[in-house]
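Read off the chains here:
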Amino acid sequence: MVGNGRFTTRTPRRSAEGRASGQWLMARIELGTPAVLGHPARPDLPDAPAAFHLLAKPTGAICNLDCSYCFFLSKEELYPGSGFRMTDDLLAEYLRQLLEAHRTPEVTVAWQGGEPTLMGLPFFRRAVELVDALRRPGQVIEHTIQTNATLIDDGWAAFLAEKDFLVGVSVDGPREIHDANRVDKGGKPTFDRVMAGLAKLRAHGVRWNAMTTVHHANEDDGLRVYRFLRDELGTDFIQFIPIVERPSPGGIPEGSEVTDRSVSPAGYGRFLVEVFDEWVRRDVGTVYVQMFDSTLASFVGAPGALCVHARTCGTSLALEHNGDVYSCDHFVEPEHLLGNISSTHMLELVASPQQRAFGKAKLDSLPGYCLACDVRFACNGGCPKDRFTLTPDGEPGLHYLCPSYQLFFRHVDRPMRFMAGALRTGRYADEVMAWMARQDRRAEAPRMD
């Protein structure tokens, strides 16, 4: 979810701190009390991360849509017979542990699915009341939710605006591109329903981001998709998410073959280059594209917002509807189950040897081809979930999108270095637009032979 990045080409929007009612809950849950059954005490772990990101899935993999490329729908098979609804008691336990585990003032309470709005509005009202009751003095809360927006009505939009939620809306572009994969359980298109929900969010002034997947149906339409999001939907925060889908029997991806819905190995890079060439000439400082800001952070030597391109990972985890904690949203698999917050405090799971090893393996498992690559400083091998191809010399562990990453990072090198230099000398990244205009004029000037 966009909104908690540590580096950006623009000034990030901060959420209001506003408190709500909910002190009644303190009679049930008290911070800092000894552990009781179902309420593990916060462990004393001074080496634990001061902050982390936990993506909570109150409905598990259950969704009202049936998007053809969704990797998470198959995770339903991991919980046969489950009702796939987070209970009120588990909700309270989750929020108590999340707030007391953080040593930083800022805490993000993040909801995803499946489709989290299937829990109903009362569930989220309770969640906000719990947070307001449990938060420590000085804690600043960022409420976020990722949704397909098809269930958003005036009631939802008014609540999200009142509580200052940051809402990620899944939209893949214009109608025919969006409806190529994003359909409901009956196979019917969803574009009109998404637009109706988004209209409610915008009418109520809700902060929202576009979450746009890049796949086989739109990989050659980068500029068209970007202009639709920017000009027709009016978004100024965009995430582009590549679809790399492998067969997943039993909910576990396997093999090295991808589905025909997946973006091609170089297609994601072409898409990004097309968007970047427009953005760097006219939108720097006014439109936030997560991939571009994260890349600029790499050129400056600052932490970026994308774990995909960090040297190591392990501080972005997933919480299932029943309290199970997994190493990552993309590794909701038995092998990467860390434990359950009903019996073990989440901070102990975040700081566990298993999770530390998971995060460190991102760096330790890089093949020699990656270690010697000129764009490694920005790429860092990509997400381990998609490292299932071979290097040119036959070593396993190369990322499926390696051709895309090399294409993109090399293409943006000069303007990124200009922006990085501007920032280091106290100037602004948006000066690159005038610089690009000068470069373009020079390139177009006739040569005098």
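Residues numbered from 1 in each chain as written. Predicted model: local features only at pLDDT ≥ 70, side-chain atom pairs only at ≥ 80, totals over all residues. Heavy atoms only, no water.

Caption draft 1: Up close: the pairing of strand β4 (residues 166–170). Of all five residues in β4, five are buried; the element is thus mostly enclosed. Burial along β4 is two-sided: the residues L166, G168 and S170 and V167 and V169 are all buried. In terms of strand pairing, strand β3 (residues 140–147) meets β4 through four bridges, oriented parallel. Among the inter-strand pairings, I145 is bridged to a residue of β4, identified as V167. (Buried < 20%, exposed > 50% of the residue type's maximum accessible area, 1.4 Å probe, protein only. Helix = DSSP H or I, 4+ residues; strand = E, 2+ residues; numbered from the N terminus. Pairing = 2+ DSSP bridges.)

Caption draft 2: Here's a closer look at the pattern of salt bridges. What the rule picks out here adds up to 27 salt bridges. Among the ionic pairs, E162 bridges to K163, the shortest N-O distance being 3.3 Å. A residue is classified by how much of its surface remains accessible, and E162, at 54% relative accessible area, is exposed. Two residues, E278 and R230, come together in a salt bridge whose shortest N-O distance is 3.0 Å. With E278 in helix α7 (residues 267–282) and R230 in helix α6 (residues 222–232), the pair connects residues that are 48 residues apart, well separated along the chain. Comparing E278 with R230 shows no difference in burial state: the two are buried. Sharing partners across several salt bridges, the network here consists of R227, R230, D231, E278, R282 and D283. (Salt bridge = Lys/Arg side-chain N within 4 Å of Asp/Glu carboxyl O.)

Caption draft 3: Summary view of the environment of V171. Note that V171 resides in the loop between β4 and α4 (175–178). Given a relative accessible area of 0%, V171 falls into the buried group. Excluding anything up to four places from it in sequence, V171 contacts H178, M195, A210, M211, T212, F228, L229 and L233. (Contact = heavy atoms within 4.5 Å.)

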